[in-house]
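Letter by letter, the chains look like this.
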Amino acid sequence: MTDPVRKLPSELDQLPDRDTEETAEWAASLDAVAKAAGSNRAEYLMRRTLQHAEAAGLALPKLLETDYVNTIPTASEPAFDGDLEMESRITAWNRWNAAAMVTRGSRFGVGGHIATFASAAWLYETGFNHFFRGKEGDGSGDQLYIQGHASPGIYARAFLDGRLSEQQLDNFRQEAGGNGLPSYPHPRRLPWLWEFPTVSMGLGPLSAVYQARFNRYLQNRNIKDTSNSHVWAFLGDGEMDEPEATAALALAAREGLDNLTFVINCNLQRLDGPVRANFRVVQELEGAFRGAGWNVVKSLWGSAWDELFQLDSTGALVRRLRAVPDAQFQTYATRDVAYIREHFFGAEPALKQLAALLSDAKIAECFHTSRGGHEARKVYAAYKAAVEFKGAPTVILAQTVKGYTLGPGFESRNANHQMKKLTGKEFRAMRDLLELPIPDAKLDESLVPYGHPGENSPEIRYLQERRAALGGPAPARRMHASAPLPQPAEKSFAALKKGSKQGMATTMAFVRLVKDLMRDKETGKRWVPIVPDEARTFGMEALFPSAGIYSPLGQTYDPVDRDQLMYYKEAKDGQVLNEGITEAGAMADFIAASTAYATHGETMIPFYIFYSMFGWQRTGDQMWQLADQLGKGFIVGATAGRTTLTGEGLQHADGHSHLIASTNPASLNYDPAFAYEVAVIVQDGLKRMYGEKPEDIFYYLTVYNEPMPQPAMPEGVEEGIVKGLYRFKEAATATSPDAPRAQLLASGTAIHWALEAQELLAAEWNVFADVWSATSWGELRRDALEADEALLRGEQRTPYVTQVLADAPGPVVAVSDWMRQVPDQISQWVEQDYTSLGTDGFGLSDTREAARRHFGVDAQSVVVATLAQLSKRGTVPASAVKEARERYGL
């Protein structure tokens, strides 16, 4: 039995009705139709009537919009559960310290933002005092996605809370010394405070949806009781322009995520100007969220507007508010009363009559500052409505003034996002407005002081008591002292290490390994398979009936393939997250799962498998978000390389993801050639990410769809596999001591071209080459860079790649299915002559053989490149290079 949806007071309750008898007749007519002809006929007539009204040009709201008024009328607001005067004083100190911190930092040119928090202060303070659950109570607490530009205000509150010192506030945006504060929410830089990085705008709202969804996933799979966890995402109205910001609204509504609330600070301003200069962003957002199925609560007008609405007997005020574009309303907030009387109330006679009843002070208060987002009672009412609403997520559209309380030089100004400091005069005015006990003598100093009411003051006691009642400080990130995960038994990896004469692609090898690992009694349930609607492409359909596809509704239908062995099975406790065609959604899933060890104290092992072309290229920003959030897990670029995916062509041909991945310090990137290498790498990843000393890293593996025989693992190669390079096959015995020698380095599927080239070189050119498997160009480079850094400290250390190739005779030729820059990452640490082959350029559709010849990476191209290097040394004649090109048709 589901909880009933809580009925909110209707906004109609506060709109004027000049003829209640006529209204009742319309309602009675509709009731009569419904009774006589049925509800369908009544619904039809209503739709046709609304369509006719819109076509006739009547000024009615669109079907998905309500009027431009508060959803909860003042008379219907719940009692405020707190000491409003006390909370006002705390908010005043936070406003002051946030402005002081940024202003003091401007001495060093490090910047900072003041206006965003100034507009949103009550949106946060109300939550901290009444709603946001901390980590020290039952469950996992709430998850807070803080709007990045509001971070100074969050630091200011942590200062009052005793969690930050004045020295740390003075190190805002100055982190190199080790005791600074990052500009924005950043778990990697301040891991005890921030849970979620949110300043790559648009990713916060997307991640919040999938975090709320993953909370339900943990609950439905009986891993963690998350019923008391609520996800709050604080967003800017300008941020909602990012496509990711609204990408998952339908998912949130479809799955009934009433554990999720978006709070959108509608101060009507972007970074450089109005969000919707000629339109109304609040109404636009309401339509988008209502259309997606969300509960919408608008908190637009402060209590000063109550008198205006009560006087509006004709509805003219509501009509006018609906008509004024945002940029004009922003102008009203900065102009004098005479201007407002002329340009707002002068629009029609009924408004002029209303204005005649209003004092100048009342008009100034309403249009300059009185907004729903600036009043604790209205914010409290909106939040209470959100957490009590059942069956759908809620968005709160709270209107504010950007730069509120910072003075007329800041409030509603287009440039206020770029304004980094207040003058002494502005601080004095702010001090007076906020009624803070800061003497003029301190404000005459060159450096504005921080303010604090005292550690034992009523304000601090109140603040700490409220947080204690809600479960401890917030925001906060907790590193739970959970035991390391037990490592899976060796038998899980044995099949891949044993090899197979039957052709098998490394994509399939990885999937088979994970299927075995998911059966592990200790850790099997902690694997989270994530795929964006390509499971069958990667051979994962066997997981459907065995592990189940997660759905909060279970399976409410009879699947079309129910009589087949591998039928499509959805289940409430399903393990597979099959996201549909959304790589961004799948990555958001991965981030939520990969950080559950901190968010919920539950270590999960996500693996996300996708077309490699649609990973780092399409969602690379989220890969950085993953690193910022200290996520762990396996990201798998399947059907990798530029030439293995026959027929798909340019858009699917990935030859560059390893180059992009190499830029991320937290990503360990591997390009395994054989199934046993996949096994060793996964073993290493499980140990490093989830073992005795867990590291904040994640693994990126590229695997191929080309079925090839899989050799058994040679002895003693594990270290080389993990470090990135080992000799896979030595050259045949040379016919003479003076025979030319060479070294062929290859990664991934290119190992097979190198092995064929090895045979051709020996049989046709009397050249003897060793073949090396380069499992990770990136890890070889990482090790070499660390050796270089050690040298700067006076420590002598030889890079691993230099060591293992030290006694290898002849030039080195590196080849892969990637751009040449990928293997070229190690060139400066290879002492031999070095050259590379790669798949630079755009992909194309053809057979594998034709594509490899096109890019010059096939076995014959490797032979010619090797002969060319030997010719430069004078160990083979130049004529041999020309002869080889002609023989192989190059």
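Just above, that's the structure.
Report follows, based on the coordinates.

Let us look at the packing of helix 21 (residues 506-517) against helix 27 (residues 675-690). Each pair of packed helices can be summarised by the angle the axes make with each other and by the distance between the axes. The contact between helix 21 and helix 27 brings their axes to 9 Å, and the two run at 45 degrees. When the axis of helix 21 is compared with that of helix 27, the two are oblique. The two elements helix 21 and helix 27 meet at a crossing, and its hand is right-handed. Contacts from T506, A509, F510, L513 and L517 in helix 21 reach A675, V678, A679, V682 and L686 in helix 27.

Cis peptide bonds are those with omega within 30 degrees of zero, and the linkage from A474 to P475 qualifies with -10 degrees. Looking at the secondary structure, you find P475 in the loop between helix 19 (458-469) and helix 20 (491-498). Phi angles above zero are rare outside glycine, and D533 is one such case at about 60 degrees.

A word on the pairing of strand 18 (residues 768-773). Buried residues dominate strand 18, accounting for 6 of its 6 residues. The alternating pattern of strand 18 places F768, D770 and W772 and A769, V771 and S773 on opposite faces, both of which are buried. Relative to strand 18, strand 16 (residues 726-729) runs antiparallel, the two sharing 3 bridges. Bridge pairing in strand 18 places R727 opposite W772. Summarising the sheet, strand 17 (residues 741-746) and strand 18 pair through 6 bridges and their orientation is parallel. The residue bridging L745 from the neighbouring strand is W772, located in strand 18. You can see the chain leave strand 17, run along helix 29 (residues 750-765) and come back into strand 18, and the turn it takes is right-handed.

Ordered by their spatial adjacency, 5 strands build an open sheet running 1-2-3-5-4, and the pairing between neighbours is parallel. Only two strands of the sheet have a single partner each, and these edge strands are strand 1 (143-145) and strand 4 (295-299). Strand after strand, the sheet turns through a mean of 15 degrees between neighbouring axes, direction not considered. Its contacts with the sheet put helix 9 (residues 281-292) on strand 3 (260-266), strand 4 and strand 5 (394-399), and the angle it makes with strand 4 is roughly 160 degrees.

Per the stated rule, a full pass over the model turns up 48 aromatic pairs. Taking 5.4 Å as the distance between ring centres and 50 degrees as the angle between the ring planes, the aromatic pair formed by F131 and Y380 counts as tilted. Of the two residues, F131 sits in the loop between helix 4 (115-130) and strand 1 while Y380 sits in helix 16 (residues 376-388), which places them 249 residues apart along the sequence. Looking at F131, the relative accessible area reads 11%, which means it is buried. Three or more aromatic residues link up through ring pairs in this structure, and these residues are Y68, W301, W305, F309, F329, Y332, Y339, F344, F345 and F367. Lying over the aromatic face of Y339, R335 brings its terminal NZ or CZ to 4.1 Å of the ring centre. Cation over ring: R618 sits above F614, and NZ or CZ is 4.8 Å from the ring centre.

Closest axis-to-axis distance for the helix 7 (residues 203-220)/helix 23 (residues 583-594) pair is 8 Å, and the angle between their directions is 60 degrees. On the basis of the axis angle, helix 7 is oblique to helix 23. Remark: the crossing between helix 7 and helix 23 carries right-handed chirality. Contacts between helix 7 and helix 23 involve L206, S207, Y210, Q211, R213 and F214 from the first element and A584, G585, A588, D589, A592 and A593 from the second. For the contact of helix 7 with helix 23, the per-class residue count stands at 7 nonpolar, 3 polar and 2 charged.

With that settled, the discussion passes to helix 30 (residues 777-792). With 16 residues, helix 30 extends 23 Å from end C-alpha to end C-alpha; this agrees with the ideal 22 Å at 1.5 Å per step. Every buried residue of helix 30 is listed here: W777, G778, E779, L780, D783, A784, A787 and A790. The inward-facing, buried residues of helix 30 abut strand 13 (667-670), helix 28 (718-723), strand 17, helix 31 (800-804), strand 19 (812-815) and strand 20 (834-837). One or two residues past the end of helix 30 sits G794, with phi positive at roughly 85 degrees.

Side chains of D17, D19, E21, E22 and E25 sit close together on the surface and give a patch of like negative charge. Along the chain, E25 turns up in helix 1 (residues 20-37). By relative accessible area, which is 47% here, E25 ends up partly exposed.

A few words now on the pattern of salt bridges. In the structure shown here, the tally under the stated rule is 46 salt bridges. Close ionic contact of D241 with R270 constitutes a salt bridge, the shortest N to O distance being 3.0 Å. You can see D241 sitting in the loop between strand 2 (231-236) and helix 8 (249-254) and its partner R270 sitting in the loop between strand 3 and helix 9, a full 29 residues away along the chain. Here D241 falls in the partly exposed class, since its relative accessible area comes to 33%. A relative accessible area of 36% places R270 in the partly exposed class. E706 is the salt-bridge partner of R852, the closest N and O atoms lying 2.8 Å from each other. Of this pair, R852 sits in helix 32 (residues 848-855) while E706 is found in the loop between strand 14 (698-702) and strand 15 (708-710), placing the two residues 146 residues apart along the sequence. The network of salt bridges with common partners includes R213, E255, E579 and D589.

Now for the nonpolar core. The biggest cluster of nonpolar side chains holds 85 residues, and the ones touching the most others in it are F634 and V682. Looking at this core element by element, the count peaks at 10 residues for helix 27. The residues touching V682, leaving out its near neighbours within four places in the chain, are F493, F510, L513, L517, F634 and L701. Counting 68 residues, the second-largest nonpolar core is a separate cluster that includes A92, L169, M430 and L443.

What follows is about the sheet that holds strand 17. As summarised here, the arrangement of the 5 strands in space is 16-18-17-19-20, forming an open sheet in which the pairing is mixed. Lying at the two open borders of the sheet, with one neighbouring strand each, are strand 16 and strand 20. Mean inter-strand twist for the sheet, computed between neighbouring axes without regard to direction, equals 30 degrees. Sitting on the sheet, helix 29 is in contact with strand 16, strand 17, strand 18 and strand 19, with an inclination near 170 degrees to strand 18.

Parameters at a glance
Residues numbered from 1 in each chain as written. Predicted model: local features only at pLDDT ≥ 70, side-chain atom pairs only at ≥ 80, totals over all residues. Heavy atoms only, no water. Axes fitted to C-alpha atoms, helices over the stretch in contact; angles between N-to-C directions. Helix = DSSP H or I, 4+ residues; strand = E, 2+ residues; numbered from the N terminus. Parallel < 35°, antiparallel > 145°, perpendicular 65-115°, else oblique. Left-handed = near helix turned anticlockwise from the far one by under 90°. Contact = heavy atoms within 4.5 Å. Buried < 20%, exposed > 50% of the residue type's maximum accessible area, 1.4 Å probe, protein only. Pairing = 2+ DSSP bridges. Right-handed = clockwise from strand over helix to strand, strands pointing away. Phe/Tyr/Trp six-rings, centres within 6.5 Å; stacked < 30°, edge-to-face > 60°. Lys NZ or Arg CZ within 6 Å of the ring centre and 35° of its normal. Nonpolar A, V, L, I, M, F, W, Y, C, P; charged D, E, K, R; others polar. Expected span 1.5 Å × (residues − 1). Patch = residues over 30% accessible without salt bridge, like charges linked within 9 Å, V, L, I, M, F, W, Y side chains within 5 Å. Areas by Shrake-Rupley, 256 points an atom, 1.4 Å probe, with all protein chains shown as cover. Salt bridge = Lys/Arg side-chain N within 4 Å of Asp/Glu carboxyl O. Lys, Arg positive; Asp, Glu negative; His and termini not counted. Charge placed at Lys NZ, Arg CZ, Asp CG, Glu CD. Core = buried A, V, L, I, M, F, W, Y, C linked by side-chain atoms within 4.5 Å.

Remember that the coordinates give geometry; whether it matters functionally is a separate question.
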